Amino acid sequence: MTDSGTQSCSSRESESELSPAAALSAIVKAYDIRGLVDTQLTSEVVHAVGIAYAEYVAGESSSVVIAHDMRASSPRLAQAMAAGITSVGLDSQSYMWVSHRQTCCISRPAV
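Rules used in this analysis
- Residues numbered from 1 in each chain as written.
- Predicted model: local features only at pLDDT ≥ 70, side-chain atom pairs only at ≥ 80, totals over all residues.
- Heavy atoms only, no water.
- Helix = DSSP H or I, 4+ residues; strand = E, 2+ residues; numbered from the N terminus.
- Buried < 20%, exposed > 50% of the residue type's maximum accessible area, 1.4 Å probe, protein only.
- Contact = heavy atoms within 4.5 Å.
- Areas by Shrake-Rupley, 256 points an atom, 1.4 Å probe, with all protein chains shown as cover.
- Axes fitted to C-alpha atoms, helices over the stretch in contact; angles between N-to-C directions.
- Parallel < 35°, antiparallel > 145°, perpendicular 65-115°, else oblique.
- Left-handed = near helix turned anticlockwise from the far one by under 90°.
- Nonpolar A, V, L, I, M, F, W, Y, C, P; charged D, E, K, R; others polar.
- Pairing = 2+ DSSP bridges.
- Right-handed = clockwise from strand over helix to strand, strands pointing away.
- Core = buried A, V, L, I, M, F, W, Y, C linked by side-chain atoms within 4.5 Å.
- Salt bridge = Lys/Arg side-chain N within 4 Å of Asp/Glu carboxyl O.

Student: An account of the overall build of the protein chain is requested, with residue identities and associated values reported.
Tutor: Helix and strand counts for the protein chain come out as five helices and two strands. Written out in order from the N terminus, the α and β elements of the protein chain read α-α-α-β-α-β-α. Scored against the burial criterion, the 111 residues of the protein chain give a buried share of 21%. A separation threshold of at least 6 residues defines the contact pool for the protein chain, and within that pool the share at least 24 residues apart is 67%. When the accessible area of the protein chain is evaluated, it comes to approximately 8200 Å², of which 56% is carbon and sulfur surface.

The following block contains the structure:
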């Protein structure tokens, strides 16, 4: 706490000083990516994730589906993801306001 009674921003400052690998390990989980918008999940980070994912699936797919929920930050982050994907040469298709159950069905590969 600071003198004014508000919590210090030192935890946010320390997150920005993390190495890229440490920053990724803070947001990449076992089956998804989660983080604080504009602190851990910036447009730049999401763009880089789009590039990495597109490079990963490039040999198996020519298009990636992006779905998001109705949070105010979702359209901007989906656009950053699409920009990363298309920069590698893949197409992207975006769907907005998708529920968690629908997202799980869209993101599972066909067997």
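Back to the write-up after that little detour.
Student: So what's going on with the packing of helix α3 (residues 43–57) against helix α4 (residues 74–87)? Which residues, and what values?
Tutor: It is the contact of α3 with α4, at a shortest axis distance of 7 Å, that shows an interaxial angle of 40°. Here α4 runs oblique to α3, going by the angle between their axes. Note on packing geometry: the crossing formed by α3 with α4 is right-handed. Between α3, through Ser43, Val46, His47, Val49, Gly50, Ile51 and Ala54, and α4, the contact on the second element is made entirely by Arg76, Leu77, Ala80, Met81, Ala83, Gly84, Ile85 and Ser87. Of the residues that constitute the contact of α3 with α4, the class distribution is nine nonpolar, five polar and one charged.

Student: So what's going on with the pairing of strand β2 (residues 91–95)? Which residues, and what values?
Tutor: In this structure, strand β1 (residues 63–67) lies alongside β2, joined through five bridges in parallel fashion. Residue Val64 lies in a different strand from β2, and its bridge partner there is Ser92. Between β1 and its parallel partner β2, the chain crosses via α4, and the hand of that crossover is right-handed.

Student: Please give an account of the nonpolar core that cites residues and values.
Tutor: Counting 15 residues, the largest nonpolar core has Val46, Val64, Ile66, Met81, Ile85 and Leu90 as the members making the most contacts within it. Elements with a contribution of two residues or more to this core: α3, β1 and α4. Per-element accounting of this core gives the leading share, six residues, to α4. Residue contacts for Val64: discarding those within four places in its chain leaves Tyr53, Val57, Ile85, Leu90, Asp91, Ser92 and Gln93.

Student: Outline the pattern of salt bridges, supporting the account with residue identities and numerical values.
Tutor: Counted under the stated rule, the structure contains three salt bridges. Here Asp32 makes a salt bridge to Arg34, at a shortest N to O gap of 2.5 Å. Among the ionic pairs, Arg76 bridges to Asp38, the shortest N-O distance being 3.1 Å. Taken together, the residues span a long stretch of sequence, with Arg76 in helix α4 and Asp38 in the loop between α2 (20–27) and α3 at a distance of 38 residues. On the basis of relative accessibility, which here comes to 32%, the residue Arg76 falls in the partly exposed class.

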